[in-house]
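Examining the three-dimensional arrangement
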Amino acid sequence: MKRVYNFSAGPAVLPEEVLEEAAEEMLDYRGTGMSVMEMSHRSAAFQQIIDEAEADLRDLLQIPDNYKVLFLQGGASQQFAMIPMNLMKNRVADYIVTGQWAKKAWQEAQKYGKANKIASSEDKTFSYIPDCSDLPISEDADYVYICENNTIYGTKYKTLPNTKGKLLVADVSSCFLSEPMDVEKYGIIYGGVQKNIGPAGMVISIVREDLITDDVLEGTPTMLKFKTHADAGSMYNTPNCYCIYICGKVFKWLKKMGGLQAMKERNEEKARILYDYLDQSKLFRGTVEPASRSLMNVPFVTGDKEMDAKFVKEAKEAGLENLKGHRSVGGMRASIYNAMPVEGVQALVAFMKKFEEENC
Ligand SMILES: *Cc1c(COP(=O)(O)O)cnc(C)c1O
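Keep in mind it's a predicted model, so treat the numbers as computed, not measured.

Next up on the list: the site of the ligand. With respect to spatial proximity, the complete set of residues near the ligand consists of G75, A76, S77, F80, W101, C147, N149, T151, D171, S173, Q194 and K195. In this structure, D171 approaches the ligand through a side-chain N or O atom, which is 2.6 Å from a nitrogen atom. Within the side chain of K195, an N or O atom sits 2.5 Å from an oxygen atom of the ligand. Take the shell around the ligand: its biggest share by element is 4 residues, from helix α3 (residues 75-87). Residue composition of the shell around the ligand, by class: 4 nonpolar, 6 polar and 2 charged.

The strand order across the open sheet formed by 3 strands is β11-β12-β14, and the pairing between neighbours is antiparallel. Looking at strand neighbours, the two that pair on one side only are β11 (285-286) and β14 (332-335), the edges of this open sheet.

Scanning the model with the defined rule gives 13 aromatic pairs in all. Between Y95 and Y145 the ring centres are 4.6 Å apart and the planes differ by 25°, which places this aromatic pair in the stacked class. You can see Y95 sitting in strand β3 (residues 92-97) and its partner Y145 sitting in strand β5 (residues 144-147), a full 50 residues away along the chain. Classification of Y95 by relative accessible area gives buried; the value is 1%. Owing to a relative accessible area of 1%, Y145 belongs among the buried residues under this scheme. Here F300 and F311 contribute two aromatic rings whose centre-to-centre distance is 6.1 Å and whose plane-to-plane angle is 75°, an arrangement assigned as edge-to-face. With F300 in strand β12 (residues 297-301) and F311 in helix α8 (residues 305-317), this residue pair connects regions lying 11 residues apart in the sequence. You can call F300 buried: its relative accessible area is 0%. Taking relative accessible area as the criterion, F311 reaches 0% and is therefore assigned buried. Through successive ring pairs, a cluster of aromatic residues spans Y277, F284, F300, F311, F351 and F355.

In this section: the packing of α3 against helix α4 (residues 100-109). Pairs of packed helices are described in terms of their axes, by the angle between the two and the distance that separates them. Interhelical geometry of α3 versus α4 gives an angle of 40° and a closest axis separation of 9 Å. As the angle between them shows, α3 and α4 are arranged oblique. Where α3 crosses over α4, the handedness of that crossing is right-handed. Counting all contacts with α3, which are made through S77, F80, A81 and P84, the residues of α4 involved are W101, K104, A105, E108 and A109. In the contact of α3 with α4, the residues fall into 6 nonpolar, 1 polar and 2 charged.

What follows covers α8. For α8, spanning 13 residues, the distance from its first C-alpha to its last is 19 Å, which sits close to the expected 18 Å at 1.5 Å a residue. Turning to α8, its buried residues number three or more, namely M307, D308, F311, V312 and A315. Down the axis of α8, the smallest arc covering the buried residues is 140°, so these residues share one side. In this structure, α8 carries K305, E306, K313 and E317 as exposed residues pointing more than 90 degrees from its buried face. As for α8, its buried residues are in contact with β12, β13 (320-321), β14 and α9 (342-359).

Attention shifts here to a nonpolar patch on the surface. On the surface, a cluster of nonpolar side chains totalling about 330 Å² of accessible area is made up of M26, L27 and M37. As for its position among the elements, M26 is in the loop between α1 (16-24) and α2 (44-61).

Turning our eyes to something else, we now look at unusual backbone geometry. That bond from G10 to P11 is cis: its omega, -10°, falls within 30 degrees of zero. Phi angles above zero are rare outside glycine, and F126 is one such case at about 55°. Assignment of secondary structure puts F126 in the loop between β4 (114-120) and β5. Accessibility expressed as a relative area gives 4% for F126, which makes it buried. Of note in the backbone geometry, L177 takes a positive phi value of approximately 65° without being a glycine. Residue position: L177 is located in the loop between β8 (168-171) and β9 (188-192). Its relative accessible area of 0% is what places L177 among the buried residues.

Criteria and thresholds
- Residues numbered from 1 in each chain as written.
- Predicted model: local features only at pLDDT ≥ 70, side-chain atom pairs only at ≥ 80, totals over all residues.
- Heavy atoms only, no water.
- Near = heavy atom within 4 Å.
- Polar contact = N/O pair within 3.5 Å; in protein donor to acceptor, adjacent residues only side chain to side chain.
- Helix = DSSP H or I, 4+ residues; strand = E, 2+ residues; numbered from the N terminus.
- Nonpolar A, V, L, I, M, F, W, Y, C, P; charged D, E, K, R; others polar.
- Pairing = 2+ DSSP bridges.
- Phe/Tyr/Trp six-rings, centres within 6.5 Å; stacked < 30°, edge-to-face > 60°.
- Buried < 20%, exposed > 50% of the residue type's maximum accessible area, 1.4 Å probe, protein only.
- Axes fitted to C-alpha atoms, helices over the stretch in contact; angles between N-to-C directions.
- Parallel < 35°, antiparallel > 145°, perpendicular 65-115°, else oblique.
- Left-handed = near helix turned anticlockwise from the far one by under 90°.
- Contact = heavy atoms within 4.5 Å.
- Expected span 1.5 Å × (residues − 1).
- Arc of directions from axis to C-beta.
- Patch = residues over 30% accessible without salt bridge, like charges linked within 9 Å, V, L, I, M, F, W, Y side chains within 5 Å.
- Areas by Shrake-Rupley, 256 points an atom, 1.4 Å probe, with all protein chains shown as cover.
- Salt bridge = Lys/Arg side-chain N within 4 Å of Asp/Glu carboxyl O.

Geometric descriptors of this kind do not, in isolation, establish any biological role.
Printed below as a string of structure tokens:
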């Protein structure tokens, strides 16, 4: 068996220990005589899996008691609609558009009310985070929306926007659990788990309790009301059981690794290795303004499309997979999520150095 270093933006690398444990438990989960995939979601064994997953997540992020943790389907993209449907009481919301995902969320919200784009970094291909210290926040905005880490363009907010007292809603899909967060600063934090936590097919939404009401937009489907899922402990219908199980194992792995502060330090070290190399390279350069750089997604280019393609091909042959940039931006992107070991980043930089010597 051979494992590669997988730099995919998502679905993405998972901790090897978690995969091994899941493999061991595949045919007989802890004496139940069946796999978690075959188990009733109403069984005691599964109830324990979901309860422990929630408790460990609460522990990791220090989630206050007045926030609910929801394990939902439909991916992060479903939240683009679910958030306005549940929160847009005045039918007004402010969006900061710093990339493709924020833009999609903003466009979706326009179906339900007045979605204002109050700031954007599209003028420079989303290569920076705009100054958000004094934005024209709408008087009657139901919330202010951000995408905290931009998976495609590789930017990250280093300070949260000044929302002038309005509720903050954040898509954290690609930085979820990469560092500690102050949950109380947000009304909703949500993320698709396939980037930094688990397999595809689930979104975790952490929602402040007072935002979970029956007062939703008319016509909101039962399945798209936060209250439906909050009242049923994320088991109104059959949840994504296997995904919850794997996420739960990842939460335990994160705790064992020392929690989110330790992950932050580890992630900073990995990112530093790659950015330091990029900053002095004569062949490659990073595409993001240094002050806005993400710790998770690192886009870079040579400036020559053929050279980029040659690099991606030769890197793959060397066991460094999925380095091709997003189809909308080209170039390369290394996603170095929690589960990417420092050795993977070192191997990437060593390969880049060698490639630079051969091609420069
Ligand atoms: C991947 C991604 C999404 C979309 O996730 P799906 O689960 O495929 O809907 C949304 N936002 C961000 C920041 C992402 O990285």
